[in-house]
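As a plain string of letters, each chain reads:
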Amino acid sequence: MMNCQPSAGLDVLLQNARRRAGLTQEQLAGLSTVSVRAIRDLELGRVQHPRRETLKLLANAMRLSDARRVELELAVDAKAVGRVFQDIYGVGLATPPPPLRPLIGRRPELEALTARLRTDHERLLTLVGLPGAGKTRLAQEAASVIHARDRIPVLWVSLDDTAETTGAAPNTPQSTVTGWVRALVRDGEEFEELAALIGSKATLIVLDGYDASPSVTPRLLSLLRVCERLKILTTTDRPVQLPGGRLLPLAPLPVPTAADLAEAVGGSLVADRHAVELTLSHVSYMRPDFLPTDSVVTTVAHICRALDGMPQALEAAASWLLLYSPQQLLDIARTSPLVLLDGVTPADPAAGPTLGERLTAAVTGLDPKAAGLLRTLATLDDPWTVDGAARASGTSLAEAARDVHALLVRGLIRRLPTTAGDPVGFTVLNLVRAVLDEDRETAPAALAAALSD
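The rules behind these values
Residues numbered from 1 in each chain as written. Predicted model: local features only at pLDDT ≥ 70, side-chain atom pairs only at ≥ 80, totals over all residues. Heavy atoms only, no water. Helix = DSSP H or I, 4+ residues; strand = E, 2+ residues; numbered from the N terminus. Salt bridge = Lys/Arg side-chain N within 4 Å of Asp/Glu carboxyl O. Buried < 20%, exposed > 50% of the residue type's maximum accessible area, 1.4 Å probe, protein only. Phe/Tyr/Trp six-rings, centres within 6.5 Å; stacked < 30°, edge-to-face > 60°. pLDDT = per-residue confidence, 0-100. Contact = heavy atoms within 4.5 Å. Core = buried A, V, L, I, M, F, W, Y, C linked by side-chain atoms within 4.5 Å. 1 Å grid on protein atoms, 1.4 Å probe; cavity = no way out; pocket = protein on both sides within 12 Å on 5 of 7 lines; lining within 4 Å. Points joined across faces, edges and corners; volume = space filled by probe spheres on them. Nonpolar A, V, L, I, M, F, W, Y, C, P; charged D, E, K, R; others polar.

A. Structural context of the environment of Gly199. Within the secondary structure layout, Gly199 lies in the loop between helix 10 (192-198) and strand 3 (203-208). As a C-alpha pair, Gly199 and Leu230 span 31 residues in sequence and 8.7 Å in three-dimensional space.

Encoded structure:
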């Protein structure tokens, strides 16, 4: 079920622990009631299978932390991980991955998500949005807030085939427990062990990259029923309404409007415009020689608009500043934005699909009806309304509303700012339009190739 290799043998762990405690073997024997000879044999590696009670006496005498106790247990029996963690499971053992950078923007989304996670009524939440929109980063921040503020254990499980993020260094108790949970979820094992671990303790499980597997979903729901204080947060690229769950769509960061760009310059484009702020932070790392002059900031604001405020796309685009000027980068973003999505450094094939590939799959993987509507909407003048979508697609208002809503939840279209009393307007993302254009160009060639086979 899992592969757990301790970082050191029991002999080394015991020696180090005793020395950290400032004890001699004789002093440890006096405090623990374990004989000096037994302690010496353990530290010399002569005992392969010590009694668990012996380890407990030594750990108590040395006043070891929970994490150190787990190291001792796992050094003896890695297969006993479920039993070991059940004994000492708590907030210190289950931690979310530490953020590597500050979260820019997303304050309303973060407050809404953490508020729902703290209520008794919301126990199954799903963040959904396009690849690169920042779902993982927002979930990470929310989990960190819940863990630190409410002292709740967080089991963070990356379900991406290439992701191994555990929130802890390899070969530690924290990484071991997360790896154990990950194996249970990914392999479709029964969850009795996990239910026994959590029990009645308040816990948050984050399943990053959850694909709503038919074999796993019923077990998750059963786990929620058994563990009454458990909450589960999932992130996904495609909306799946889990029974009793709530979908929380995550759009890209807001971008300056055309009116903003026409009327404002420089610093006024940064205030409360987090896509611009985020991109400027990436620019400062890639090109510290670029001063945030009015010209640079204005150009960056246009780039943000061309790339829809997609956080991962903005970071990738900034890496191209090693080769291009800001104005050249803007020209590319307006004409061929997809080439910027994966950054200037070639992607490691072992890292899985690139952002460009994932975004393309999100668009081309739509069912024919949704794909046809999206292509129709991409031809309309912005902003268009649900009424306009109904007229353009030749469907009823109710049907158009449902179909537009489905595209909105997926993140393929975005709602535009409107004044009070005006109809709500929408637009198709520029990156989505680029995928549609590319698909339109490659489809005839693909069809011809298929017919010639």
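Still more ground to cover, so stick around.
B. The pattern of salt bridges, seen in detail. Counted by the stated rule, this structure contains 14 salt bridges. With its nearest N and O atoms 3.0 Å apart, the salt bridge here joins Arg358 to Asp237. With Arg358 in helix 17 (residues 355-364) and Asp237 in the loop between strand 4 (230-236) and strand 5 (246-249), this residue pair connects regions lying 121 residues apart in the sequence. In this structure Arg358 comes out as partly exposed when scored by relative accessible area, which is 28%. The exposure class of Asp237 is partly exposed, given its relative accessible area of 27%. For Lys369, the salt bridge is made with Asp403, and the minimal N-O distance between the two is 3.5 Å. Here Lys369, found in helix 18 (residues 368-378), pairs with Asp403, found in helix 20 (residues 397-410); they are 34 residues apart in sequence, far enough to count as distant. Salt bridges sharing partners connect three or more residues here, namely Arg118, Arg149 and Asp150.

C. Up close: unusual backbone geometry. Looking along the chain, the bond that leaves Asp382 and enters Pro383 is cis, with omega of -10°. Phi is positive for Arg151, which is not a glycine, with a value near 55°. Positionally, Arg151 belongs in the loop between helix 8 (135-150) and strand 2 (154-158). Arg151 sits in the exposed class, given a relative accessible area of 52%.

D. How the structure looks around the packing of aromatic side chains. Counted under the stated rule, the structure contains 2 aromatic pairs. Between the aromatic rings of Trp320 and Tyr324, the centroid separation amounts to 6.2 Å while the plane-to-plane angle is 20°, which identifies the pairing as stacked. For Trp320, a relative accessible area of 15% translates into the label buried.

E. Expanded view of the confidence of the model for the protein. Looking at the protein as a whole, the pLDDT averages 84, with 83% of positions reaching at least 70. Ignoring residues within four places in sequence, the model shows residues 1-7, a span with pLDDT below 50, making 16 contacts including any to other chains. This stretch, residues 162-167, has a pLDDT under 50; its non-local contacts, to residues over four places away or in other chains, come to 16 contacts.

F. Inspection of the nonpolar core at higher detail. Counting 57 residues, the largest nonpolar core has Leu374, Leu407 and Val432 as its most contacted members. Sorting elements by how many residues they give to this core places helix 14 (residues 294-306) first, with 7 residues. With residues up to four places along the chain from it excluded, the contact list for Leu407 reads Leu366, Ala370, Leu373, Leu374, Leu377, Leu412 and Ile413. Judged by nonpolar contacts, the second largest core, of 27 residues, contains Leu124, Ala195, Leu224 and Leu242.

G. Spatial organisation of the layout of surface pockets. Considering only enclosed or pocket space, the second largest pocket measures out at about 930 Å³ in volume. Arg414, Arg415, Leu416, Pro417 and Thr427 are the residues nearest the centre of the second largest pocket, which is lined by 33 residues in total. The set of elements that each furnish at least two residues to the lining of the second largest pocket consists of helix 12 (258-263), helix 14, helix 20, strand 6 (413-416), strand 7 (425-428) and helix 21 (430-452). Ranked by the residues each element gives to the lining of the second largest pocket, the list is headed by strand 6, at 4 residues. Residue composition of the lining of the second largest pocket, grouped by class: 18 nonpolar, 6 polar and 9 charged.

H. Main features of empty space enclosed by the protein. Applying the stated criterion across every chain yields a total of 3 cavities of 30 Å³ or more. Approximately 50 Å³ is the volume found for the second largest cavity. Taken together, Thr279, Val283, Phe290, Val296, Val300, Ile303, Ala317, Ala318, Leu321, Pro326 and Leu329 form the lining of the second largest cavity. Those elements that provide at least two residues to the lining of the second largest cavity are helix 13 (274-286), helix 14, helix 15 (311-319) and helix 16 (326-335). Among the elements that line the lining of the second largest cavity, the one with the most residues is helix 14, at 3 residues. Its residues placed into classes, the lining of the second largest cavity shows 10 nonpolar, 1 polar and no charged.

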